[in-house]
Amino acid sequence: MADSVSIPCHLCGHAHVEPLPEYAVLRRVTSDCKPWAAGGWLGVCRACGGVQKRMDAGWRAEIERVYREYTIYHQSGGTEQAAFSAATGQGVARSERIVERLVQSGLVGARGRLLDVGCGNGALLRACSRLLPGWSLAGTEINDKYRAEVEAIPGVSVMQVGGAADVTGEFDFVTLIHVLEHVPEPAQFLASLRAKLVCGGHLMVEVPHYVDNPFDLLIVDHSTHFSAEVLRGVAVRGGYLPGVLATDWVAKELTMVAQPTTTEPIALGEDIFPRIFADLRKRLDWLTEVAKQTRELARRRRFGIFGTSIAAMWLFGELDGRVDFFMDEDPTRVGRECFGKPVLSASQVPAGSRVWLALPSRIAQQVKARLAPECSNLEFFVPPELV
Ligand SMILES: [Zn+2]
């Protein structure tokens with residue numbers, strides 16, 4: 001096979017990462033929700049099962065472009081994406097949800113020091129400031145674009161441009177919210193963070209969960225696509241013992257809370273590669289089918305896509321922009337334009353329109369069940385079941 005490369009796995013160092021050539025024909029999308037061209041590469045490590053990109057010169061050049069033009073939440077003017085309940089339509093900022101669950105877990109005391117690595121515009125630190133008022137907060141980011149915004153958050157004592165090693169002192173909690181999937185060699189990266197933790201300190205990692213949300217596979221700047229077992233393996237190789245490893249703190253995401261350990265890494269007994277490879281192929285087939293069905297639906301006007309995030313922007317690219325509108329329930333997005341198309345609320349969508357619910361099937365069905373009675377003049381379509 002021409003593209004069966006023997007690049008080493010960047011998670012475990014094993015020599016062979018098995019490619020899925022069908023990935024190359026799919027359009028992609030950036031993690032800040034901008035459509036991106038097809039032509040990517042995706043493979044699975046034969047040893048650790050890690051789903052990953054080939055981080056060659058071509059990929060690095062693409063990533064550089066993505067980060068140069070990066071805009072956090074451009075669809076809402078910078079406001080963090082809400083984690084919506086499919087059943088009720090109620091939105092809670094994702095960071096609020098994470099910190100609430102952390103408080104409920106009993107793992108955080110009344111006081112302590114927390115370092116958020118890759119803090120962006122301070123979404124997690126803002127939630128900590130509100131929900132953990134006794135804590136001293138610090139953040140790092142690779143540039144100073146949001147420095148003033150982050151430094152203005154009550155409780156933030158440090159906003160360091162650079163990496164965790166550039167921040168002095170040790171912390172009770174180190175958090176990585178949507179960072180690890182961007183990092184080459186994540187196990188080594190986690191290992192390097194142990195020096196920043198006090199004895200008994202915790203590491204928290206939040207990453208997308210491609211198993212529940214196959215659209216994550218299309219994100220060009222994610223170097224790794226995590227499942228729970230692969231995230232656990234990376235943590236163990238980095239010298240941690242995962243306590244919490246949850247799929248229900250935030251829908252479509254994995255949350256891990258781990259502590260440094262001195263015990264030997266646990267060897268994975270089962271050969272997980274065949275199962276992960278087959279399962280991944282199923283997800284790529286599903287994405288191909290979603291793109292096909294979207295193209296068919298979009299032939300008839302008026303056609304709109306529900307949402308303005310990853311899946312919606314990927315399909316917008318697959319359709320070469322032939323969309324009449326986006327429909328969104330997030331009030332920070334409604335009334336704006338997204339790539340020249342209006343973002344409408346349910347009541348603003350013209351009667352008779354077709355609306356594609358670009359979400360994982362189960363979530364799409366819940367949204368349809370909720371919206372259909374109040375929008376009887378619209379036709380909603382959901383992606384096929386992922387079997
Ligand atoms: Zn591997």
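The structure presented is a predicted model; accordingly, all values stated were derived computationally and were not measured.

Moving on: the coordination of the zinc ion. Coordination of the zinc ion by the protein involves Cys9 (SG), Cys12 (SG), Cys45 (SG) and Cys48 (SG), with metal-donor separations of 2.3 Å. For Cys9, a relative accessible area of 4% gives the class buried. Overall, Cys45 belongs to the buried group, its relative accessible area being 0%.

Next up on the list: the environment of Ser361. On the secondary structure map, Ser361 appears in helix H9 (residues 361–371). Once residues lying within four places of it in the same chain are set aside, the contact partners of Ser361 are Trp286, Pro383, Pro384, Glu385 and Leu386.

Taken together, seven strands build an open sheet; the order of strands is S10-S9-S8-S11-S12-S15-S14 and the sheet is mixed. With one partner strand each, in any of the chains shown, strand S10 (156–161) and strand S14 (240–246) form the two edges of the open sheet. This sheet shows a mean twist of 20° between the axes of neighbouring strands, independent of strand direction.

Turning our eyes to something else, we now look at the packing of helix H5 (residues 186–193) against helix H6 (residues 228–237). Remark: H5 packs on H6, axes separated minimally by 8 Å, with the N-to-C direction vectors making an angle of 50°. The orientation of H5 with respect to H6, classified from their angle, is oblique. For the element pair H5 and H6, the recorded crossing hand is right-handed. Across from Pro186, Ala187 and Leu190 in H5, the residues of H6 making contact are Val234, Ala235 and Arg237.

So, about unusual backbone geometry. Cis geometry marks the peptide bond from Arg301 to Arg302, where omega comes out at -15°. Position of Arg302 relative to the elements: it lies in the loop between helix H7 (273–297) and strand S16 (303–306). The phi dihedral of Cys33 falls on the positive side, at around 65°, and the residue is not glycine. Mapped onto the fold, Cys33 is located in the loop between strand S2 (28–29) and strand S3 (35–36). A relative accessible area of 7% means that Cys33 is categorised as buried. In the Ramachandran plot, Asp320 falls in the positive-phi region, its phi being about 50° despite a non-glycine side chain. Among the structural elements, Asp320 can be located in the loop between helix H8 (310–318) and strand S17 (325–327).

Under the definition given, this model contains 19 salt bridges. Arg130 is the salt-bridge partner of Glu96, the closest N and O atoms lying 2.4 Å from each other. Of this pair, Glu96 sits in helix H2 (residues 94–104) while Arg130 sits in helix H3 (residues 123–131), and the two are 34 residues apart along the sequence. On the accessibility criterion, Glu96 (17% relative accessible area) is buried. The exposure class assigned to Arg130 is exposed, which follows from its relative accessible area of 53%. Residues joined in a network through salt bridges with shared partners are Arg27, Asp320 and Arg322.

Conventions we followed
- Residues numbered from 1 in each chain as written.
- Predicted model: local features only at pLDDT ≥ 70, side-chain atom pairs only at ≥ 80, totals over all residues.
- Heavy atoms only, no water.
- Donors = N, O, S within 2.8 Å, 3.2 Å for Na, K, Ca; no water.
- Buried < 20%, exposed > 50% of the residue type's maximum accessible area, 1.4 Å probe, protein only.
- Helix = DSSP H or I, 4+ residues; strand = E, 2+ residues; numbered from the N terminus.
- Contact = heavy atoms within 4.5 Å.
- Pairing = 2+ DSSP bridges.
- Axes fitted to C-alpha atoms, helices over the stretch in contact; angles between N-to-C directions.
- Parallel < 35°, antiparallel > 145°, perpendicular 65-115°, else oblique.
- Left-handed = near helix turned anticlockwise from the far one by under 90°.
- Salt bridge = Lys/Arg side-chain N within 4 Å of Asp/Glu carboxyl O.

So far we have only geometry, and geometry alone does not tell us how the molecule works.
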